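# Survey of secondary and tertiary structure
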Amino acid sequence: MPLADVSQAHWRALRLHARSLLGLELADDDLQRFASFARMLLDWNQRLNLTGITDPAEIVIKHFLDSLTLMRAGASFEGLRLIDVGTGAGFPGLVIAMLFPGCEATLLDATVKKLRFIEGACAELGIHNVRCVHARAEDAGRQRAHRERYDIVTARAVAPMPALMEYTLPLAKPGGQVIAMRGKDAHEEIAEAARAITMLGGELFQIEEVQLPGLANPRYLAIIDKSKATPRRYPRKAGLPTREPLL
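Residues numbered from 1 in each chain as written. Predicted model: local features only at pLDDT ≥ 70, side-chain atom pairs only at ≥ 80, totals over all residues. Heavy atoms only, no water.

## Topic: the nonpolar core
The following threshold applies: Think of a nonpolar core as a cluster: buried Ala, Val, Leu, Ile, Met, Phe, Trp, Tyr and Cys residues, connected wherever their side-chain atoms sit within 4.5 Å. Throughout, exposure labels follow a simple rule: accessible area from a 1.4 Å probe, protein chains only, divided by the maximum for the residue type, with under 20% read as buried, over 50% as exposed, and the rest as partly exposed. Going along the chain from the N terminus, every DSSP run of H or I of four or more residues is numbered as a helix, and every run of E of two or more is numbered as a strand. Any pair of residues with heavy atoms lying within 4.5 Å of one another is described as a contacting pair.
Leu14, Phe64 and Phe77 are the most contacted members of the largest nonpolar core, which totals 55 residues. Considering every element that reaches this core, the biggest residue donor is helix α2 (residues 28-48), with eight residues. Those residues in contact with Phe64 that lie beyond four places of it in its chain are Trp11, Leu14, Phe34, Phe37, Ala38, Ile59, Phe91 and Val95. Ala159, Leu171, Ala186 and Ala196 belong to the second-largest nonpolar core, a separate cluster that totals 32 residues.

## Observations concerning the sheet that holds strand β6 (residues 202-210)
Here is the rule: Should DSSP find at least two bridges between two strands, the strands are taken to pair. With axes taken as lines fitted to C-alpha atoms, and helix axes fitted only over the stretch in contact, angles between N-to-C directions fall between 0 and 180 degrees.
Read across the open sheet, the seven strands follow the order β3-β2-β1-β4-β5-β7-β6; overall the sheet is mixed. Each having just a single partner strand, β3 (130-134) and β6 make up the two edges of the open sheet. Looking at each pair of strands side by side, their axes are set apart by 20° on average, direction ignored. Where strand β4 (residues 150-156) and strand β5 (residues 172-182) come together, six bridges link them in parallel fashion. The partner of Ile152 across the bridge, within β5, is Gln177. Lying on the sheet, helix α5 (residues 112-125) is in contact with β2 (104-109) and β3; it crosses β3 at an angle near 165°. Contacts from helix α7 (residues 161-168) reach β1 (81-85), β4, β5 and β7 (219-226) within the one sheet, and its direction differs from that of β5 by about 145°.

## Regarding the pattern of salt bridges
For clarity, the threshold we go by: The term salt bridge refers to a pairing of a side-chain nitrogen on Lys or Arg with a carboxyl oxygen on Asp or Glu at a separation within 4 Å.
Taken as a whole and judged by the stated rule, the model has 16 salt bridges. We note a salt bridge from Arg15 to Asp28, for which the minimum N-O separation is 2.5 Å. Highlighted residues: Arg15 in helix α1 (residues 3-22) and Asp28 in helix α2, separated in sequence by 13 residues. Between Arg142 and Asp139 there is a salt bridge, and its shortest N-O distance comes to 2.9 Å. For Arg142, a relative accessible area of 37% gives the class partly exposed. It is possible to trace a salt-bridge network through shared partners that takes in Asp66, Arg156 and Arg219.

## Notes on the environment of Pro218
Note that Pro218 resides in the loop between β6 and β7. The exposure class of Pro218 is buried, given its relative accessible area of 16%. Remark: the alpha-carbon pair of Pro218 and Asp185, spanning 33 residues in sequence, is separated by 9.8 Å. Not counting residues up to four positions away in its chain, the partners in contact with Pro218 are Gly183, Lys184, Glu209, Val210 and Gln211.

## Section: the layout of surface pockets
For the record, the criterion: In the cavity and pocket records, a cavity denotes points on a 1 Å grid over the protein atoms alone where a 1.4 Å probe fits but cannot get out, a pocket denotes an open set with protein on both sides within 12 Å along at least 5 of 7 lines, and lining residues are residues with an atom within 4 Å of a point. Grid points are joined across faces, edges and corners, and a volume is the space filled by probe spheres set on the points. In this count, Pro and Cys sit with the nonpolar residues alongside Ala, Val, Leu, Ile, Met, Phe, Trp and Tyr, while Asp, Glu, Lys and Arg are called charged and the others, Gly among them, polar.
Size it by volume and the largest pocket reaches roughly 280 Å³. Taken together, 19 residues form the lining of the largest pocket, with His63, Asp66, Phe91, Arg156 and Ala157 sitting closest to its centre. Contributions of two or more residues to the lining of the largest pocket are made by α3 (56-68), β5 and β7. With three residues, the single largest contributor to the lining of the largest pocket is β7. Tallied by class, residues from the lining of the largest pocket come to seven nonpolar, seven polar and five charged.

## Some words on α7
By the criterion of burial, α7 is predominantly enclosed, with eight of the eight residues buried. For α7, the full list of buried residues reads Met161, Pro162, Ala163, Leu164, Met165, Glu166, Tyr167 and Thr168.

## Some details on the pairing of β3
Keep this limit in mind: The crossover handedness rule: strands pointing away from the viewer, path from first strand over the helix to second strand clockwise, crossover right-handed.
When β2 meets β3, the two strands line up parallel, connected through five bridges. Paired with Leu107 across the two strands is Cys132, which belongs to β3. Viewed along the sheet, the connection from β2 through α5 into β3 turns out right-handed.

Nothing here speaks to function; it is geometry throughout.
What follows is the structure, encoded as structure tokens:
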């Protein structure tokens with residue numbers, strides 16, 4: 001069934017969940033833009049396989065509401081520079097950019113077709129505060145244009161935590177934050193990444209638990225402060241953070 005046939009009830013539910021879970025009031029214009037983006041996602045997904053989540057109710061909760069839970073980290077995002085590592089079809093980075101037009105959002109991914117979808121969506125929806133970067137995170141972290149340039153670095157389900165820290169912390173400027181969106185094993189994963197966090201110039205700030213409606217297990221936001229500059233030797237060349245994590 002097309003999303004347009006069932007979306008109104010689900011977007012109304014999103015508004016209620018955002019209010020109760022996040023204290024966030026979504027305007028009608030926000031919901032309309034989200035709905036347009038969701039319809040584009042499903043349309044393009046038939047050709048490009050952008051997401052395995054195609055049920056309208058799951059799209060609203062697992063993509064849109066999940067992206068909005070970044071608000072639990074305490075940042076308003078307005079006026080900040082954000083980079084979303086491994087953005088995929090634009091979650092969570094594009095959702096945050098749509099909600100905060102003063103946020104300068106960079107969406108990073110190594111898969112061209114996903115970035116082309118995002119560029120098309122931004123053009124159609126009139127989103128002007130997003131730029132897409134086709135690169136591996138290890139390469140971006142060594143480039144002057146990206147290294148230690150961002151207030152907020154986000155990542156959702158990209159890699160095991162030790163490797164993810166090497167992907168993300170070099171991109172955060174000192175005084176910035178990495179917000180890693182993790183699943184039920186978050187506490188164990190973060191403990192495993194403790195050495196990597198310290199070596200890369202970070203320190204764990206807090207772990208925020210989020211219970212999305214209809215899901216059995218909670219989600220977690222691992223919030224890491226960038227307390228000092230990352231040593232120049234990190235990130236290592238592409239592939240090494242995953243093959244030889246900093247344990």
